[in-house]
Amino acid sequence: MSARLNLFTLAPANLKAMVNLSMTNRQSSIGERLFELVQLRVSQQNGCGVCIDMHWRDLIKQGADPRHLNSLAAWRESPFFSERERAALAWADAVNALPHRDDTDAAWPTLREHFSENEIAELGYTIAAIRGWNVLNLSLRNQIPVHPAPGM
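These figures come from a predicted structure and were not determined experimentally.

Rules used in this analysis
Residues numbered from 1 in each chain as written. Predicted model: local features only at pLDDT ≥ 70, side-chain atom pairs only at ≥ 80, totals over all residues. Heavy atoms only, no water. Helix = DSSP H or I, 4+ residues; strand = E, 2+ residues; numbered from the N terminus. Rg over C-alpha atoms; globule rule 2.2 N^0.38 Å. Buried < 20%, exposed > 50% of the residue type's maximum accessible area, 1.4 Å probe, protein only. Contact = heavy atoms within 4.5 Å. Lys, Arg positive; Asp, Glu negative; His and termini not counted. Charge placed at Lys NZ, Arg CZ, Asp CG, Glu CD. UniProt positions renumbered as here; feature names shortened; annotations may be inferred. Core = buried A, V, L, I, M, F, W, Y, C linked by side-chain atoms within 4.5 Å. Axes fitted to C-alpha atoms, helices over the stretch in contact; angles between N-to-C directions. Parallel < 35°, antiparallel > 145°, perpendicular 65-115°, else oblique. Left-handed = near helix turned anticlockwise from the far one by under 90°. Nonpolar A, V, L, I, M, F, W, Y, C, P; charged D, E, K, R; others polar. Polar contact = N/O pair within 3.5 Å; in protein donor to acceptor, adjacent residues only side chain to side chain.

### Thoughts on the overall build of the protein
No. 1: Along its length, the protein carries seven helices and zero strands.
No. 2: Shown N-terminal to C-terminal, the secondary structure of the protein runs as helices and strands in the order α-α-α-α-α-α-α.
No. 3: In terms of C-alpha radius of gyration, the protein reaches 15 Å, essentially the compact-globule figure of 15 Å for 152 residues.
No. 4: Based on the C-alpha atoms only, the size of the protein along its principal axes is roughly 45 × 30 × 30 Å.
No. 5: The proportion of buried residues among the 152 residues of the protein is 41%.
No. 6: A separation of at least 24 residues holds for 68% of the contacts in the protein among residues at least 6 apart in sequence.
No. 7: Once the 15 positive and 16 negative side-chain charges of the protein are each reduced to a mean point, those two points are 8 Å apart.

Structural data, given as structure tokens:
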């Protein structure tokens with residue numbers, strides 16, 4: 001399988017807007033570790049190898065334990081995540097399942113216990129942006145780079 005086109009050389013205004021949204025999300029009040037965990041989790045669910053690789057590497061650079069990250073796909077059974085992280089992961093799972101399944105009513109009460117309204121909005125933008133990147137990478141058959149570009 002090879003990439004259908006080079007997304008990063010086309011539609012520069014759109015690319016800039018997506019990158020800016022992602023960078024703004026990175027600086028949100030939810031914190032960089034949680035931001036990356038949510039991105040990695042949504043990317044796992046969507047099967048986006050490019051994003052899984054990128055966000056796993058970002059978490060490793062932050063000092064995350066590889067064993068903890070390895071258990072993210074089974075976060076409900078894993079002892080490595082805080083209650084706040086679990087609330088965010090449950091919300092990410094529920095939102096990412098839309099419209100095929102709606103588990104947001106079940107995830108909402110716990111989310112409200114751990115996050116302010118502003119943080120919930122920031123979390124929503126994070127989920128929306130990574131889902132967008134997943135869709136772009138998957139549909140264009142973008143491949144995991146053997147040697148990632150500097151800064152990626």
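What follows picks up the thread again.
### A look at the UniProt feature "domain: Carboxymuconolactone decarboxylase-like" (unreviewed entry) in the protein
No. 1: The UniProt feature table records "domain: Carboxymuconolactone decarboxylase-like" (unreviewed entry) at residues 12-93.
No. 2: The distance from the first to the last C-alpha atom of residues 12-93 is 31 Å, and the span holds 72% helix and 0% strand.

### What to know about the nonpolar core
The nonpolar side chains of a soluble globular protein tend to be buried, and buried together.
No. 1: Residues V38, L72, W91, F115, L123 and I127 are the most contacted members of the largest nonpolar core, which totals 35 residues.
No. 2: Elements that contribute at least two residues to this core include exactly α2 (32-46), α3 (49-61), α5 (83-97), α6 (104-114) and α7 (117-139).
No. 3: With eight residues, α5 is the single largest residue contributor to this core.
No. 4: Those residues in contact with I127, other than ones at most four positions away along the chain, are V38, V42, W91, A92 and V95.

### Description of the packing of helix α1 (residues 12-26) against α7
What describes two packed helices is the angle between their axes and the distance between those same axes.
No. 1: As a packed pair, α1 and α7 sit with axes 9 Å apart at the nearest point and diverge in direction by 140°. As judged from the angle between their axes, α1 and α7 are oblique. In the crossing of α1 with α7, the sense of the turn from one axis to the other is left-handed. Contacts between α1 and α7 involve L15, M18, V19, L21, S22 and N25 from the first element and Y125, T126, A129, G132, W133 and L136 from the second.
No. 2: When its residues are assigned to classes, the contact of α1 with α7 shows eight nonpolar, four polar and no charged.

### What about the side chain of R57?
No. 1: Tracing the backbone through its elements, the reader meets R57 in helix α3.
No. 2: Within the local environment of R57, its side chain forms a polar contact with the side chain of D53, the two groups lying 3.0 Å apart.

### Description of the environment of V38
No. 1: Summarising the element assignment, V38 is placed in helix α2.
No. 2: Since its relative accessible area comes to 0%, V38 is described here as buried.
No. 3: Through-space distance from the C-alpha of V38 to that of T9 is 27 Å; in sequence the pair is 29 residues apart.
No. 4: Apart from the residues lying within four places of it in its own chain, the contact partners of V38 are A88, A92, L123, T126 and I127.

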